[in-house]
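Listed below, chain by chain, are the residues.
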Amino acid sequence: MDMLKGDQIAAADLTDWRKLAQGLHARFVVDDFSSGARFVVAVGEAGDALGHHPRVSIGDGHVDLELVSDDAVYRDDEGTEHLVEWVTRQDVELARRITEIAADHGVAADPASVSEIELGLDTSRSATIAPVWAALLTGSAESQGRGSPSDEIRDATGRVPNLWFGDGDGDGDEHRTPRQRFHLEVYVAPEVSEQRIAAAVAAGGTVVDDRDAPSLTVIADQDGNTGVVCVDVSAAQRP
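Residues numbered from 1 in each chain as written. Predicted model: local features only at pLDDT ≥ 70, side-chain atom pairs only at ≥ 80, totals over all residues. Heavy atoms only, no water.

Here we look at the overall build of the protein
So, step 1. Looking only at helices and strands, the protein features 5 helices and 13 strands.
So, step 2. Computed over its C-alpha atoms, the radius of gyration of the protein comes to 19 Å, within 12% of the 18 Å expected for a compact globule of 239 residues.
So, step 3. Viewed in the frame of its principal axes, the protein has a C-alpha envelope of about 55 × 45 × 35 Å.
So, step 4. Per-residue burial for the protein yields a buried fraction of 42% across its 239 residues.
So, step 5. Sequence-distant contacts in the protein: of pairs separated by 6 or more residues, those separated by 24 or more amount to 61%.
So, step 6. Accessible surface, the protein as shown: approximately 12600 Å² in total, 49% of it carbon and sulfur. (Helix = DSSP H or I, 4+ residues; strand = E, 2+ residues; numbered from the N terminus. Rg over C-alpha atoms; globule rule 2.2 N^0.38 Å. Buried < 20%, exposed > 50% of the residue type's maximum accessible area, 1.4 Å probe, protein only. Contact = heavy atoms within 4.5 Å. Areas by Shrake-Rupley, 256 points an atom, 1.4 Å probe, with all protein chains shown as cover.)

Looking at the environment of Thr80
So, step 1. Note on placement: Thr80 falls in the loop between strand S5 (69–75) and strand S6 (81–86).
So, step 2. Overall, Thr80 belongs to the partly exposed group, its relative accessible area being 40%.
So, step 3. The residues touching Thr80, leaving out its near neighbours within four places in the chain, are Tyr74 and Arg75.

Re helix H3 (residues 89–104)
So, step 1. Compared with an ideal rise of 1.5 Å per residue, which puts 16 residues at 22 Å, H3 spans 23 Å between its outermost C-alpha atoms and is within 8% of the ideal.
So, step 2. Buried within H3 are the following residues: Gln90, Asp91, Val92, Leu94, Ala95, Ile98, Ile101 and Ala102.
So, step 3. Looking at the buried positions of H3, the neighbouring elements they touch are strand S2 (23–29), helix H2 (33–50), strand S4 (62–67), S5 and S6.
So, step 4. Where H3 terminates, the next one or two residues include Gly106, which has phi positive at roughly 65°. (Expected span 1.5 Å × (residues − 1).)

Focus on the side chain of Thr88
So, step 1. Within the secondary structure, Thr88 is located in the loop between S6 and H3.
So, step 2. A polar side-chain atom of Thr88 sits 2.8 Å from a polar atom in the side chain of Ser69.
So, step 3. The residues touching Thr88, leaving out its near neighbours within four places in the chain, are Met1, Asp2, Met3, Leu4, Ser69 and Ala72. (Polar contact = N/O pair within 3.5 Å; in protein donor to acceptor, adjacent residues only side chain to side chain.)

Focus on the sheet that holds strand S11 (residues 206–209)
So, step 1. Sheet architecture is open: 6 strands sit in the order S9-S8-S10-S13-S12-S11, paired in mixed fashion. The open sheet has two edge strands with one neighbour each: strand S9 (163–166) and S11. The sheet shows a mean angle of 35° between the axes of neighbouring strands, direction not considered.
So, step 2. Relative to strand S13 (residues 226–230), strand S12 (residues 216–220) is paired through 5 bridges, and the arrangement is antiparallel. The residue bridging Ala220 from the neighbouring strand is Thr226, located in S13. (Pairing = 2+ DSSP bridges. Axes fitted to C-alpha atoms, helices over the stretch in contact; angles between N-to-C directions.)

Some points on unusual backbone geometry
Outside of glycine, negative phi angles account for most residues, and trans bonds account for most peptide bonds.
So, step 1. In the segment running from Ala213 into Pro214, the intervening peptide bond is cis, with an omega of 5°.
So, step 2. Phi is positive for Asp13, close to 55°, though the residue is something other than glycine.
So, step 3. Tracing the chain through its elements places Asp13 in the loop between helix H1 (6–11) and strand S1 (18–20).
So, step 4. For Asp13, a relative accessible area of 41% translates into the label partly exposed.
So, step 5. Residues other than glycine seldom take positive phi values, yet Ala21 does so here, at roughly 55°.
So, step 6. With respect to the secondary-structure elements, Ala21 resides in the loop between S1 and S2.
So, step 7. The buried category is assigned to Ala21, whose relative accessible area is 6%.

Focus: H2
So, step 1. Compared with the 26 Å implied by 1.5 Å per residue over 18 residues, the 26 Å span of H2 between its first and last C-alpha is a close match.
So, step 2. Among the structural elements, S2, strand S3 (55–59), S4 and H3 are those in contact with the buried residues of H2.
So, step 3. At the N-terminal end of H2, a side-chain oxygen is found 3.3 Å from the backbone nitrogen of Ser34, two or three residues along, and the residue is Asp32.
So, step 4. The positive-phi residue at the C-terminal boundary of H2 is Gly51, with phi of around 70°.

Take a look at the structure:
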């Protein structure tokens, strides 16, 4: 299936879900582990019917779900097709069904609480160093370029955050003193981004680059280390 653009995801009006990084994310609040497990069983049965399943994590009082297709079709500027990890129609269909299941189970969604972490590494030699990181992070060479037309490292089991490579030759502004090549990207729901930034600033952080806000806001700690608060504005819920 073709990957969906942000406006197509927004038009689906998935009130329980937020688009973070590559997938749709939702958190459902449950009374206890047993009720969460029953909810997951029902979700699994719905996934069986559609031939597609979410990634699931059960925690204390919540069930976290991510919907993403491993075989979404992306076409580059030359028209070449690539299979990537992204949201497709089947994810939207299952998201709607899961929302119905949650209502049947009396389970409420908490969409503002979802988040996703990715790692960024500045380098001009991604093809050279990516195999090292694929082996170190996942133990598998197949994780290099998995679900991406780039050298990005993605673990098929989701054990570790995705690692993507940004352009950098060591001489640009991205390597101001103190030199930093790794940084975190924190994806949050659009409605909590300002609160997250304000909390970081109140804790002593500084906004050092908000030219691309609200999509990207760069925060520095007191030692100059930076992280990025990310919002998928194109796929934000319509008012």
